[in-house]
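Architecture and fold: a report
Residue-level listing of the chains:
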Amino acid sequence: MTVAPDFAVPFFPPGLFDADRAALLGIVREVGLDPEQRFILGRRTAAFEAMLRADLEAADVVACSSGTSALSLVLRALDIGPGDEVIVPAFACAPLAASVIGTGATPVFADIRPDTLTMDPDHAGRLVTPRTRAVMPAHMFSVMADMPRFTELARRHGIRLVEDSAVAQGGVLRGVPAGLWGEAGVYSFVQVKTFGMPGEGGVVVTRDAELGAKVRLLRNHGQPPGQRFLHQVIGINSRFDEIQAAFQTHRYAEFPARLERRAQIAAYYTERFAPLADRGIVPPPPDRDGRCFYVYTVLASGRDALAAHLAESGIATHVYYPHPLPAHRAFASYAPPGARWPRAEEAARRHLALPVHHLLTDAQVEHVADRVCAFAEAHA
Ligand SMILES: *Cc1c(COP(=O)(O)O)cnc(C)c1O
């Protein structure tokens, strides 16, 4: 089958920065020629942090070098370390487990819910021991984790709640923005994420000003702002770039429209795919509350055949996590012998992410939906 070039549907927008190219080059020039010659943690980073803080009504927003680094900073700021346990989802990305291990603590893997693909609060609750210091759910493929239940769980056991909201910037559940449910959350700005930028970066967001101040210390080798070579705690290098700060500040006004376009595309997919559930293709649960459309993920019994069928029609798809975290060699020693995570294993086998980015045209979106529906008809 030949593919009409109009209908090639890339997974990530190839022209992500096209509309902002002149602004980007202008900022490079401005920062490059600024007599101040300050390229990290300057006034542009401070302005970017202040803008996000005001918009989120957070106590603090601390820009740092990546989403992964943001998770590590939060765990360190909470004094999590050797002998402690942190409950993380079994179906997720490596930084969730690796950031815990990096502090010297032990990740404890909880299974996921089969519908939302986020950590199951009931299973997480059964894994709490006297050593548990924190629970760290992650918002995932279109749906935020069940934060009201995790808030309740953390309160009941007197443990900390850390939100891996790396992909959920702009998501809101019951009026509370993703990242502000627990002690702290994070956003990632790596290119592919919803507010991705041309480089690496992230932020810690928190309602706790004291925790924010501690993260600020830790991100720059334990030095209080403005006091070089005065190390109060052992920190790391997780600083933020001035060019990126100015660029992200410049682009922030159009971020809501991009999210809205993603949400519209997702709603259209969910409407088209709702009747396919008894034909082996299950869309995410329909709702607008607590959604984050970094990716749009369906569960399909013939997942690999569906991916091949879409590829023939020029549609790029992604299998994010082909294996649950405890199945990786890197994390196997943290998996109790004989333990299984049946729902994480099933999600790894069945999930497929479809293009949902804001630069897709209506024709591309309809093409994706048509091809998915055609596959379901043919395999009914
Ligand atoms: C991308 C991602 C991270 C890490 O962010 P980086 O900026 O790539 O370090 C953490 N958690 C989740 C769920 C992510 O998707």
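Throughout, a residue's number is its position along its own chain's written sequence, starting from 1. This being a predicted model, a pLDDT of at least 70 is required before a residue's local features are given, and a value of 80 or more before pairs of side-chain atoms are given or counted; all residues contribute to the totals for chains, interfaces and linings. The side-chain values count all of the structure's non-hydrogen atoms but skip hydrogen atoms and water molecules.

If you check an unreviewed UniProt entry, the chain appears there as DegT/DnrJ/EryC1/StrS family aminotransferase from Streptomyces actuosus. UniProt positions are given in the numbering used here, feature names are shortened, and annotations may be inferred rather than shown by experiment. UniProt, in its Sequence similarities (unreviewed entry) section for the chain, records the words "Belongs to the DegT/DnrJ/EryC1 family."

Time to look at helix 7 (residues 209-219). Each residue is assigned to one of three classes by its accessible area relative to the maximum for its type, calculated with a 1.4 Å probe on protein chains only: buried under 20%, partly exposed between the two thresholds, exposed over 50%. Strands here mean DSSP runs of E at least two residues long; helices mean DSSP runs of H or I at least four residues long; both are numbered from the N terminus. Residues Leu-211, Gly-212, Val-215, Arg-216, Leu-217, Leu-218 and Arg-219 constitute the buried set of helix 7. By definition in these notes, contact holds between two residues if any of their heavy atoms fall within 4.5 Å. Packing partners of the buried residues in helix 7 comprise helix 2 (43-56), strand 1 (60-64), helix 3 (67-77), strand 9 (184-188) and strand 10 (202-206). Capping the start of helix 7, Asp-208 holds a side-chain oxygen 3.0 Å from the backbone nitrogen of Glu-210, two or three residues further along. His-221 lies just past helix 7 and shows a positive phi near 60°. Definition of a polar contact: a pair of N or O atoms within 3.5 Å, with one able to donate and the other able to accept a hydrogen when the atoms are protein atoms, and with sequence-neighbouring residues admitted only if both atoms are side-chain atoms.

A separate point is the sheet that holds strand 11 (residues 281-282). Think of it this way: DSSP has to see at least two bridges between two strands before they count as a pair. With respect to topology, three strands assemble into an open sheet ordered 11-13-14, the strand pairing being antiparallel. A single partner strand is all that each edge strand has here, and the edge strands are strand 11 and strand 14 (351-354). Of the strand pairs in this sheet, strand 13 (residues 296-300) and strand 14 are connected by four bridges, and their pairing is antiparallel. What sits directly across from Thr-297, in strand 14, is Ala-353. In the packing of helix 10 (residues 303-312) onto the sheet, contacts are made with strand 11, strand 13 and strand 14, and the angle to strand 14 comes to roughly 25°. Axis geometry follows a simple rule: fit a line to the C-alpha atoms, using only the stretch in contact for helices, then measure angles between N-to-C directions, giving values from 0 to 180 degrees. Sheet contacts for helix 11 (residues 342-350): strand 11, strand 13 and strand 14; angle to strand 14, the most-contacted strand, approximately 50°.

Moving on, we come to the site of the ligand. Around the ligand, the neighbouring residues are Ser-66, Gly-67, Thr-68, Cys-93, Asp-164, Ala-166, Val-167, Ser-188, Val-190 and Lys-193. Separating an oxygen atom of the ligand from a side-chain N or O atom of Thr-68 is a distance of 2.5 Å. The contact in question runs from an oxygen atom of the ligand to an N or O atom on the side chain of Ser-188, over 2.7 Å. Its residues assigned to classes, the shell around the ligand shows four nonpolar, four polar and two charged. When we say a residue is near a molecule or strand, we mean one of its heavy atoms is within 4 Å of it. Under the scheme applied, nonpolar residues are Ala, Val, Leu, Ile, Met, Phe, Trp, Tyr, Cys and Pro; charged residues are Asp, Glu, Lys and Arg; polar residues are all the others, including Gly.

A separate point is the UniProt feature "modified residue: N6-(pyridoxal phosphate)lysine" (unreviewed entry) in the chain. Here the UniProt feature "modified residue: N6-(pyridoxal phosphate)lysine" (unreviewed entry) sits at Lys-193. Among the secondary structure elements, Lys-193 is positioned in the loop between strand 9 and strand 10. Look at Lys-193 and you get buried, because its relative accessible area is 17%.

Turning to unusual backbone geometry, a few remarks are in order. Negative phi characterises most residues that are not glycine, and trans characterises most peptide bonds. Notably, Leu-41 is not glycine yet its phi reads approximately 45°, a positive angle. Position of Leu-41 relative to the elements: it lies in the loop between helix 1 (21-33) and helix 2. Phi angles above zero are rare outside glycine, and Glu-57 is one such case at about 55°. Tracing the chain through its elements places Glu-57 in the loop between helix 2 and strand 1. Taking the relative accessible area as the measure of exposure, Glu-57 reaches 67% and is therefore exposed.

Within the element layout of this structure, His-328 appears in the loop between helix 10 and helix 11. For the pair His-328 and Ala-94, spaced 234 residues apart in sequence, the C-alpha to C-alpha distance is 9.3 Å. Here the side chain of His-328 touches His-323 through a polar contact of 3.4 Å, landing on its backbone oxygen.

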